[in-house]
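Residue-level structural notes
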There are 2 protein chains.
Amino acid sequence: MTDSLDLRRLVASAADFDATLDALLAWEGVSNDQVQGRVEQIIDRIRHQGDAALVQLTQELDRHPATEMSALEVPQSALEAAFHGLPAPRRAALEAAAKRVTAYHQRQKQDSWSYTEADGTMLGQQVMPLDRVGVYVPGGKAAYPSSVLMNALPAAVAGVKEIIMVAPAPGGELNPLVLAAAWLCKVDRFFAIGGAQAVAALAYGTETVPRVDKIVGPGNIYVATAKRAVFGQVGIDMIAGPSEILVVGDGQTNPDWIAMDLFSQAEHDEEAQSILVSWDASWLDQVEASIRRLLPTMERAEIIRASLEARGALIQVDSPEQAIEMINRIAPEHLELSVADPHSWLPQIRHAGAIFMGRYTAEAIGDYCAGPNHVLPTSGTARFSSPLGVYDFQKRSSLIFCSPEGADHLGRIAAELAEGESLTAHAQSARYRVREAQP
Amino acid sequence: MTDSLDLRRLVASAADFDATLDALLAWEGVSNDQVQGRVEQIIDRIRHQGDAALVQLTQELDRHPATEMSALEVPQSALEAAFHGLPAPRRAALEAAAKRVTAYHQRQKQDSWSYTEADGTMLGQQVMPLDRVGVYVPGGKAAYPSSVLMNALPAAVAGVKEIIMVAPAPGGELNPLVLAAAWLCKVDRFFAIGGAQAVAALAYGTETVPRVDKIVGPGNIYVATAKRAVFGQVGIDMIAGPSEILVVGDGQTNPDWIAMDLFSQAEHDEEAQSILVSWDASWLDQVEASIRRLLPTMERAEIIRASLEARGALIQVDSPEQAIEMINRIAPEHLELSVADPHSWLPQIRHAGAIFMGRYTAEAIGDYCAGPNHVLPTSGTARFSSPLGVYDFQKRSSLIFCSPEGADHLGRIAAELAEGESLTAHAQSARYRVREAQP
């Protein structure tokens, strides 16, 4: 069955290559009108009926047995019990990952700054953490404790005072690894709610769920649509598309390793995308042989196969230079540079969510425990956005203090420009601070 | 007529104060279904018909005489001519403002960073400018050259390679001050297009308008709705609500100055909001008297009056502490601290877009030329967002380089965690880099 794997092999010099690549990369996370309408209804119900609607929707949509809101809050004791219930090696691994992720993110923390000019005028920015953040954790098969760490720890490092976590509990069941990770991250409150109703509760607050200032974390199309709808009422992180990897190889890495790296992306789901690029055609053949040999041994072979057939490709380019062009065109979420001197490539790489450098840096290592965040811009959005980080949980206020001398000087400029814009109250307000004009 | 000004006076200790303040602050920039539908149609036309649709829509909606796309691009020579055509004092003021804004924003520029661990593993982030940015400049009465500076200069400081500016030209007319400011900011291309069609052209590209990576700048409800719709395809800045100011006074500032500061916000439009807070009731009386006396002298008296009546308020609080609570609750776009020692207030102010400190720092000075950006989070969004800055035009790529020793150590942790998530390809990919597992 997997013998018949239909693996796309492209050559970048082919006449139709550009169109083929565009089609392969195309993905639009547009929700249809039905989803949109349903999400708007749900948000409206939560805004107007609060807890009552939240309990009812959770019963209906998650088949949760709770009959009142208190039964949907998971107590700290349950989080702690889940943590201590983990097998020791797993608990140690989770703690090691949390420690490294925290250490890396501490380097992202930004401080307030200011400077004072000769006339005593002071300018700067005050940097403050957000007050309260909501972290959405998906339920079911995609309930990943590593995502709990990656979303909650940057908020904690930023100094966010209160972290509210939500995760749907289908049939009342929660993943104990998720609860354990929540305990490790010192999450302040945990609600067993999900879907658009959880997003709405976090955005507007209910009697029980406190209103947050920003919502982060991945979710299905209802969650994504709800996040887009409440954007403005609260901050949100990026709306994520399917996960993808671009591996660039110089032909000297063990083909089995590369095959497994491609599988590790493809096993997420059928829409995930794994692309390999090399200028060494015979090595591409070797990787293809490894893929065909190893695929039947994989637990998630069918998901991997579906993903590779739908969205995967092995691409032969002419040169390293052409590989770099392809990187910048694709702007991959994950870029693996399986080459001899990855450092020398960096200055030319303009767009990538995360860059895994060298033969030993499997994306999986970065996903879990190297330190950097695994929440990354997908679907080419690395052109304009960044990995989730501490900076997403800090915000800035501009600081402006004019000395009387500074106001005298700047007030004249401001008044001149305000008059150019016919904003005469602006002009007069500035001019009051100019010396000869002062009463 | 202005004698009959109906000015809201509130006392924070009143029983119904909280509800009154909530109602006063309420503002939701929701576009109705009709606007939404129209915007989707326009985006769809631009995506599928490109330049042809863009010319047609610009003829229809802006009454622009152009019959082909080339007539909608404003040549650099026209920008230059507009700049040199300015009266000398205005040109000098614009240059002085641009210089200060640039100097301030240079302090926001972030650099790449990395660190190497004992085993040779390197972690960090590479910071890069966006490739290409679109700046939307509103047409008509709100065509402000200062907005050109505030949106384009941070992009230029970030190192954005190409800045594309768009501004609608109703009846074919553009504001020469806007063109002059575009020249001063070294904008790369300028198109006389606006509305949802300009946003769509920037987001998706047409034969003539290049696709950008991020769109910034204010606009009407069609522009805001279009920006929300293309978010994800491109980055966008915040969707701005009406402008607002919260002035907190200790009763020692000249009441005329404060009245004019409130006017300077109110003159923007009828939805703008000016709120004054003090614990000195007799000073509030004095400011109110100044407002009544000065209002009839203002050019935009009717807009100011409409704004003050609809959304303005003078609020008497018990104490400076209660004023600080109010600041953090309102999370104002502009906060003017017209008090004796504004520096001592800063640590307690958690939410504000920009803080204008002391009696001499009129908001108008900050709007034009002090240096900080005047594009600020409105409608309470200072809870989670920041002034527009250089950081909005930079993005980060995570860097991960594992040494063989690092991969040996980290690969074990990653494999353990991946198994906990049943992601066995992840586990195997990590384990290949662990020593004893290497072939």
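Residues numbered from 1 in each chain as written. Chains lettered and ligands numbered in written order. Predicted model: local features only at pLDDT ≥ 70, side-chain atom pairs only at ≥ 80, totals over all residues. Heavy atoms only, no water.

Before going further, it helps to examine the layout of surface pockets. Empty space within the second largest pocket amounts to approximately 220 Å³. In terms of lining, the second largest pocket is formed by D131(A), R132(A), K161(A), E162(A), R211(A), D213(A), E325(B), N328(B), R329(B), R350(B), H351(B) and R383(B). Looking at the lining of the second largest pocket element by element, the count peaks at three residues for helix α12 (residues 320-330) of chain B. Grouping the constituent residues of the lining of the second largest pocket by class yields no nonpolar, two polar and ten charged. (1 Å grid on protein atoms, 1.4 Å probe; cavity = no way out; pocket = protein on both sides within 12 Å on 5 of 7 lines; lining within 4 Å. Points joined across faces, edges and corners; volume = space filled by probe spheres on them. Helix = DSSP H or I, 4+ residues; strand = E, 2+ residues; numbered from the N terminus. Nonpolar A, V, L, I, M, F, W, Y, C, P; charged D, E, K, R; others polar.)

So, about the UniProt feature "binding site: Zn(2+)" (unreviewed entry) in chain A. Here, UniProt's "binding site: Zn(2+)" (unreviewed entry) annotation points to Q265(A), H268(A), D367(A) and H426(A). Taking the farthest pair of C-alpha atoms as the criterion, the annotated set spanning 162 residues is dispersed, since that pair is 56.0 Å apart. Topologically, D367(A) is positioned in helix α13 (residues 363-368). Ignoring sequence-local partners within four residues, the contact set of D367(A) consists of S146(A), M150(A), H334(A), H374(A) and H426(B). Tracing the backbone shows H426(A) in helix α15 (residues 424-431). The exposure class of H426(A) is buried, given its relative accessible area of 1%. Those residues in contact with H426(A) that lie beyond four places of it in its chain are A418(A), S264(B), E267(B), H268(B), A364(B), D367(B) and Y368(B). (UniProt positions renumbered as here; feature names shortened; annotations may be inferred. Contact = heavy atoms within 4.5 Å. Buried < 20%, exposed > 50% of the residue type's maximum accessible area, 1.4 Å probe, protein only.)

The strand order across the open sheet built from nine strands is β3(A)-β4(A)-β15(A)-β14(B)-β13(B)-β10(B)-β11(B)-β12(B)-β1(B), with neighbouring strands paired in mixed fashion. Whereas interior strands pair on both sides, the edge strands pair on one side only; in this sheet they are β3 (113-116) of chain A together with β1 (9-11) of chain B. Shown here is a sheet whose adjacent strand axes are inclined to one another by a mean of 20 degrees, direction ignored. Strand direction decides the pairing type here: strand β10 (residues 244-249) of chain B and strand β13 (residues 334-338) of chain B, joined by five bridges, are parallel. (Pairing = 2+ DSSP bridges. Axes fitted to C-alpha atoms, helices over the stretch in contact; angles between N-to-C directions.)

Now for the sheet that holds strand β11 (residues 273-278) of chain A. If you walk across this open sheet you meet the nine strands as β1(A)-β12(A)-β11(A)-β10(A)-β13(A)-β14(A)-β15(B)-β4(B)-β3(B), and the pairing is mixed. Since the sheet does not close on itself, it has two edges, and those belong to β1 (9-11) of chain A together with β3 (113-116) of chain B, each with one partner. Each neighbouring strand pair of the sheet contributes to a mean axis angle of 20 degrees, computed without reference to strand direction. The pairing of β1(A) with strand β12 (residues 313-316) of chain A spans three bridges and is classified as parallel. Bridge pairing in β12(A) links R9(A) to L314(A).

What follows deals with the environment of E405(A). Residues and elements named next belong to chain A. Looking at where E405 falls in the secondary structure, it is placed in helix α14 (residues 404-420). Residue classification places E405 among the partly exposed residues on the basis of a relative accessible area of 40%. On a C-alpha basis, the gap between E405 and A52 in space is 59 Å, while along the polypeptide they are 353 residues apart. With near-sequence residues (within four places) excluded, E405 lies in contact with D119 and R435.

Residue alternation in strand β14 (residues 354-357) of chain A divides its side chains into two sets, A354(A) and F356(A) and I355(A) and M357(A), and both sets are buried. Bridge analysis of strand β13 (residues 334-338) of chain A against β14(A) gives four bridges, and the strand direction is parallel. By the bridge assignment, E336(A) is partnered in β14(A) with F356(A). As defined by bridge partners, β14(A) adjoins strand β15 (residues 394-401) of chain B across four bridges and the pair is classed as parallel. Residue pairing across strands places M357(A) opposite F401(B), the latter belonging to β15(B).

All names here are of chain A. In terms of domains, chain A is made up of domain 1 (2-27 + 241-370), domain 2 (33-113 + 129-236) and domain 3 (402-437). Of the residues lining the interface, six residues belong to domain 1; the matching set on domain 2 comes to six residues. In this assembly, domain 1 packs against domain 2 so that about 550 Å² is buried in total across both faces, 46% of it on carbon and sulfur atoms. For the domain 1 face of the interface with domain 2, the top three residues by lost area are Y368, C369 and A370, together amounting to 58%. On the surface where domain 1 and domain 2 come into contact, there are zero salt bridges. Our count for the domain 1 to domain 2 interface comes out at two residue pairs in polar contact (both at pLDDT 80 or more). In terms of residue class, the side of domain 1 that touches domain 2 is built from three nonpolar, two polar and one charged. (Domains from an automatic or database assignment. Buried area = accessible area lost by both parts, 1.4 Å probe. Salt bridge = Lys/Arg side-chain N within 4 Å of Asp/Glu carboxyl O. Polar contact = N/O pair within 3.5 Å; in protein donor to acceptor, adjacent residues only side chain to side chain.)

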